[in-house]
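As a plain string of letters, each chain reads:
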Amino acid sequence: MIVLGIETSCDETAAAVVADGRRILSSVVSSQVAVHRPFGGVVPELASRKHIEAIVPVVRQALSEGGISQAGLEAVAVTQGPGLIGSLLVGFSFAKAFAMVRGLPWIGVSHLEGHINSVFLEPDPPAFPFTALLASGGHTSIYHVTAHTQFDLMGQTRDDAAGEAFDKVAKMLDLGYPGGGIISKLAQEGDPTRIPFPRSYLDRSSYDFSFSGLKTAVGRYVRDHSRDLAARIPDIAAGFQEAVVDVLADKVIEAAIYKNCSRIALVGGVAANGRLREKVTVDARKKGISVYLPGHDLCGDNAAMIAAAGYHHLANGARSDFDDDVYSRQAL
Ligand code: KG4
Ligand code: ZN
């Protein structure tokens, strides 16, 4: 089944053509980062307008790069939520209209389910069940995944998402937006042990996260060392990153052990973090657990993962219809 995927939940306009939920024929991502950078974060109204400008060219490009005509498509999958309502509406309304005028089956997909399915676009995907850490700008959660469309939430952040913490720390240090990539690059030049930032494990038996204390600690350090901050930035970046990575790695490995699971997948924008990938892989191996990592392009928001998740719903006979609408939040 050849599925057109569409994703517009935040600040990326994306379209992809994917065969059978596994094989990417094309994946186009048009980023709005340059538009939002001067504001230090995503401006929802600007994001919606940019999606409207980009959606038709991005879909056209995905079809042409995939070598598929509109008539060659067999179904459409689109992000239904969670995300920014105005942004979601652009992709969702486009997909609804596009599918309905062509009489194609179509399905609204959870963005989170999309991220989890991103590992199936790699050549060697995990068997079920596996433990997934989803860490992005909006979410930090651990799931026990038993099928493409079935997950149990084991824990989630009680305050900031991991990616959000990276973005906020980058902002405190005046490093630009989005912060994840910038901080991880600077961290390579720093010593992660020089500044001992706190690790919040909450209750050790819980798989919940909290990053607000760490963020406050970095803020206090920045304030107390304002006179010679520049020279300390690599150590701050490295110390902060190590604190986030330690907690994420320990919790996802403990969650896998608790579920007797020998496979872990890291997904979402923060899964592009080199130190996180390395630490989880090394520590999990010592416990006999294999780690599955989507390529960097599949960690950040993209439409191939939406087409992949949508395919499994469509194959199970699920369909969206005319009355369906987007949603901003999701309890999953
Ligand atoms: O999945 P994603 O593209 O969008 C959401 O669904 O939120 O994730 C974006 C988040 C941003 O907060 C960004 O700073 C973070 O992922 N990120 C990273 C890295 N690359 C992107 N965080 C840490 N290290 C990275 N290398
Ligand atoms: Zn995302």
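Residues numbered from 1 in each chain as written. Chains lettered and ligands numbered in written order. Predicted model: local features only at pLDDT ≥ 70, side-chain atom pairs only at ≥ 80, totals over all residues. Heavy atoms only, no water.

Colleague: I'd love a proper account of the coordination of the zinc ion (ligand 2), names of residues and values included.
Modeller: His111 (NE2), His115 (NE2) and Asp301 (OD) make up the full set of protein donors to the zinc ion (ligand 2), lying at 2.0 to 2.1 Å. Motif for the zinc ion (ligand 2), donor spacing along one chain: H-x3-H-x185-D. Of this pair, His111 sits in helix α4 (residues 111-117) while Asp301 sits in the loop between α10 (296-299) and α11 (304-315), and the two are 190 residues apart along the sequence. For the pair His111 and Asp301, a shared accessibility class is recorded, and that class is buried. (Donors = N, O, S within 2.8 Å, 3.2 Å for Na, K, Ca; no water. Helix = DSSP H or I, 4+ residues; strand = E, 2+ residues; numbered from the N terminus. Buried < 20%, exposed > 50% of the residue type's maximum accessible area, 1.4 Å probe, protein only.)

Colleague: Give a description of unusual backbone geometry that names residues and reports values.
Modeller: Cis geometry is found at the peptide bond from Phe128 to Pro129, where omega equals -5°. Checked against the element boundaries, Pro129 lands in the loop between α4 and β6 (130-135). One non-glycine residue with positive phi stands out, namely Leu202, at about 50°. By secondary structure assignment, the location of Leu202 is in the loop between α6 (179-187) and α7 (212-224). Phi is positive for Asn260, which is not a glycine, with a value near 60°. Its place among the elements puts Asn260 in the loop between α8 (229-258) and β9 (263-267). By relative accessible area, which is 73% here, Asn260 ends up exposed.

Colleague: Account for the site of ligand 1, with residues named and values stated.
Modeller: Taken together, 20 residues lie near ligand 1, and Gly137, Asp167, Gly180, Gly269 and Asn273 sit nearest. Between ligand 1 and His111 there is a distance of 3.2 Å, counted from an oxygen atom to a side-chain nitrogen or oxygen. Contact between ligand 1 and Gly180: an oxygen atom at 3.0 Å from a main-chain N or O atom of the residue. Those elements giving two or more residues to the shell around ligand 1 turn out to be α4, α5 (162-172) and α6. Ranked by residues supplied to the shell around ligand 1, first place goes to α6 with 4 residues. Along the lines of polarity and charge, the residues of the shell around ligand 1 split into 4 nonpolar, 14 polar and 2 charged. (Near = heavy atom within 4 Å. Polar contact = N/O pair within 3.5 Å; in protein donor to acceptor, adjacent residues only side chain to side chain. Nonpolar A, V, L, I, M, F, W, Y, C, P; charged D, E, K, R; others polar.)

Colleague: Outline α7, supporting the account with residue identities and numerical values.
Modeller: Its 13 residues place the ends of α7 18 Å apart at the C-alpha level, agreeing with the 18 Å of an ideal helix rising 1.5 Å per residue. As for α7, its buried residues are in contact with α5 and α8. (Expected span 1.5 Å × (residues − 1). Contact = heavy atoms within 4.5 Å.)

Colleague: Can you lay out the sheet that holds strand β1 (residues 2-7) for me, pointing to particular residues and giving the numbers?
Modeller: Read across the open sheet, the 5 strands follow the order β3-β2-β1-β4-β5; overall the sheet is mixed. Each edge of the open sheet is held by one strand with a lone partner, namely β3 (23-31) and β5 (106-110). Sheet twist, expressed as the mean angle between neighbouring strand axes with direction ignored, is 20°. Bridging between strand β4 (residues 75-81) and β5 involves 5 bridges; their strand directions are parallel. Its bridge partner being in β5, Ala77 is matched across the sheet by Ile107. In this fold helix α2 (residues 44-66) packs onto β1, β2 (12-19) and β3, with an angle of close to 25° to the strand it touches most, β2. Of the strands in this sheet, β1, β4 and β5 are in contact with helix α3 (residues 85-102), which crosses β4 at around 155°. (Pairing = 2+ DSSP bridges. Axes fitted to C-alpha atoms, helices over the stretch in contact; angles between N-to-C directions.)

Colleague: Break down the sheet that holds strand β10 (residues 290-292) for me, with residues and values.
Modeller: Spatially, 5 strands are ordered β8-β7-β6-β9-β10 in an open sheet, and the strand pairing comes out mixed. Looking along the sheet, the strands with just one partner apiece sit at the ends: β8 (150-156) and β10. Between one strand axis and the next, the sheet turns through 25° on average, direction left out of account. Inspection of the sheet shows strand β7 (residues 140-147) paired to β8 by 6 bridges, in the antiparallel sense. The residue of β8 that forms the bridge with Ser141 is Gln156.

Colleague: Residues and numbers for the pairing of β1, please.
Modeller: On any regular strand, side chains alternate: one points to one face of the sheet, the next to the other face. Counted residue by residue, β1 has 6 buried out of 6 residues, so it is predominantly covered. Where β1 and β2 come together, 6 bridges link them in antiparallel fashion. Within β2, the position partnered with Ile6 by the bridge is Ala15. Remark: 4 residues form the turn of the hairpin made by β1 and β2, two consecutive strands paired antiparallel. In this sheet, β4 lies alongside β1 in parallel orientation, the contact comprising 4 bridges. Among the inter-strand pairings, Val3 is bridged to a residue of β4, identified as Ala75.

Colleague: Lay out the packing of aromatic side chains with the relevant residues and their values.
Modeller: Scanning the model with the defined rule gives 10 aromatic pairs in all. Between Phe92 and Trp106 the ring centres are 5.4 Å apart and the planes differ by 65°, which places this aromatic pair in the edge-to-face class. Here the residue Phe92 occupies a position in helix α3, and Trp106 occupies one in strand β5, the gap between them amounting to 14 residues. The exposure class assigned to Phe92 is buried, which follows from its relative accessible area of 1%. Between Phe128 and Phe130, the aromatic rings sit 5.8 Å apart at their centres with planes inclined by 20°, giving stacked as the arrangement. For Phe130, a relative accessible area of 0% corresponds to the buried category. Here the aromatic residues Phe120, Phe128 and Phe130 are joined through ring pairs into a cluster of three or more. For Arg102, the ring lying beneath its charged end belongs to Phe98, and the centroid distance is 4.2 Å. The side chain of Arg204 reaches across the aromatic face of Tyr201, ending 3.9 Å from its centre. (Phe/Tyr/Trp six-rings, centres within 6.5 Å; stacked < 30°, edge-to-face > 60°. Lys NZ or Arg CZ within 6 Å of the ring centre and 35° of its normal.)

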